[in-house]
Amino acid sequence: MPGNSQRKGAIRKSGKGPTAGSGGRVKRGLEGKGPTPKAKDRPYHQAHKTAKRAERSESTRPKRRTTKSTEAEWVAGRNSVVEALRAGIPITAVYVAEGAERDGRLREAFKIAAEQGYSMMEVTRGELDRMTGGAVHQGLAARLPSYEYAHPDDLLDRAAELGEKPLIVALDSVTDPRNLGAVIRSAAGFGAHGVLIPERRAAGMTASAWKTSAGAAARIPVAQTVNLTRQLKAYQDAGCMVVGLAADGDVSLPDLALADGPLVVVVGSEGKGLGRLVTETCDQLVSIPMGNQLESLNAGVAASVTLYSIAQARARA
């Protein structure tokens, strides 16, 4: 009809969009929002708040670390490699330069490596130069794996697992790796539960330390600490007495009454002995009686004598 411009059945358009009854808005409202989040994932739920508090508590709690390690090390040179193989030092692989002269030392290295199941790799001389950092390798080198240090608390745990009173040897800035190796060997031989060393300004588990320990480093844990004085106090809080070796000690071996209890023995550096803070932390200072006006023993020998005396006292207790 004239004046009726809209056909029957036509849908009238509006700038407001679909109305509530049209199904458009309801359809969008019903579109899926995914599965209902778990209680711990809903910010306003009590379970979420509890989980967050637990995370904050865990992040502030001191973490035990057992994976602190040295860098992998190289032993270069025919004599050095043969000595390392003879000593049973852990080795990742033995490398020989192409065209290297097959003398007696090289043949012995091949023989021991084969007997102990080590990989033998042949590389160019240039590659061996690069891998060993330009060391004088004489066509033969061995790669040592990185050494994983224990956490200081692991030494107490080891004593507890064995049902024994803790005996720990701590080294105060001992810088000669041979002394470290000697202490490790004595600690293993006289029943100590581990050796503690500082992370800085002290010898670490190098090839020389491994060699001097004569394999004992594979049987007893070595732990590192950022702050030796703080760790000694932590051992004291755990029930250990801390004694330091000093020429002017309060008592002399073998008259150490603390020997049969939980004990930490601190050995000083080769030149300066115990540091001031470490000395002040010790519960007692112990001296080793000596004759012939000998001023002092090196760290390895001093630790060995002291540990022997402690072992004797514990055997009598």
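Data block above holds the structure.
What counts and how
- Residues numbered from 1 in each chain as written.
- Predicted model: local features only at pLDDT ≥ 70, side-chain atom pairs only at ≥ 80, totals over all residues.
- Heavy atoms only, no water.
- Helix = DSSP H or I, 4+ residues; strand = E, 2+ residues; numbered from the N terminus.
- Buried < 20%, exposed > 50% of the residue type's maximum accessible area, 1.4 Å probe, protein only.
- Contact = heavy atoms within 4.5 Å.
- Pairing = 2+ DSSP bridges.
- Axes fitted to C-alpha atoms, helices over the stretch in contact; angles between N-to-C directions.
- Expected span 1.5 Å × (residues − 1).
- Arc of directions from axis to C-beta.

1. Let's talk about the environment of Gly-271
- Position of Gly-271 relative to the elements: it lies in the loop between β10 (263–267) and α10 (276–281).
- Of the residues examined, Gly-271 reaches a relative accessible area of 74% and is grouped as exposed.
- Separated by 96 residues in sequence, Gly-271 and Thr-175 have C-alpha atoms that sit 9.8 Å apart.

2. Focus: the environment of Val-174
- With respect to the helices and strands, Val-174 occurs in the loop between β5 (167–171) and α7 (177–189).
- The exposure class assigned to Val-174 is buried, which follows from its relative accessible area of 3%.
- When the C-alpha positions of Val-174 and Leu-274 are compared, they lie 9.8 Å apart, and in sequence the two are 100 residues distant.
- Excluding its chain neighbours within four sequence positions, the residues that come into contact with Val-174 are Asn-179, Ala-202, Ala-203, Val-267, Gly-268, Ser-269, Glu-270 and Ala-299.

3. Topic: the sheet that holds strand β9 (residues 251–252)
- Sheet architecture is open: seven strands sit in the order β7-β6-β5-β10-β8-β11-β9, paired in parallel fashion. Where the open sheet ends on each side, the last strands, each with one partner, are β7 (222–225) and β9.
- One ladder, built from four bridges, connects strand β6 (residues 194–198) with β7; its direction is parallel. The residue of β7 that forms the bridge with Leu-196 is Ala-223.
- The sheet contacts of α7 involve β5, β6 and β7, and relative to β6 the element is tilted by about 155°.

4. Considering helix α4 (residues 104–116)
- In this model, α4 (13 residues) spans 18 Å end to end at C-alpha, consistent with the 18 Å of a helix rising 1.5 Å per residue.
- Considered for burial, the residues of α4 that qualify are Leu-106, Ala-109, Ile-112 and Ala-113. Along the axis of α4, the buried residues cluster in a sector spanning 130°; they form a single face. In α4, the exposed positions that point more than 90 degrees away from the buried face belong to Lys-111, Ala-114 and Glu-115.
- Buried residues in α4 make contact with α3 (78–87), β2 (93–97), β3 (119–123) and β4 (140–144).
- Gly-117 occupies a position one or two residues after α4 and carries a positive phi of about 80°.

5. Quick look at the pairing of strand β11 (residues 284–287)
- Of the two faces of β11, the one carrying Gln-284 and Val-286 and the one carrying Leu-285 and Ser-287 are both buried.
- Pairing analysis gives three bridges linking strand β8 (residues 241–245) to β11, with the strands arranged parallel. Among the inter-strand pairings, Val-243 is bridged to a residue of β11, identified as Gln-284.

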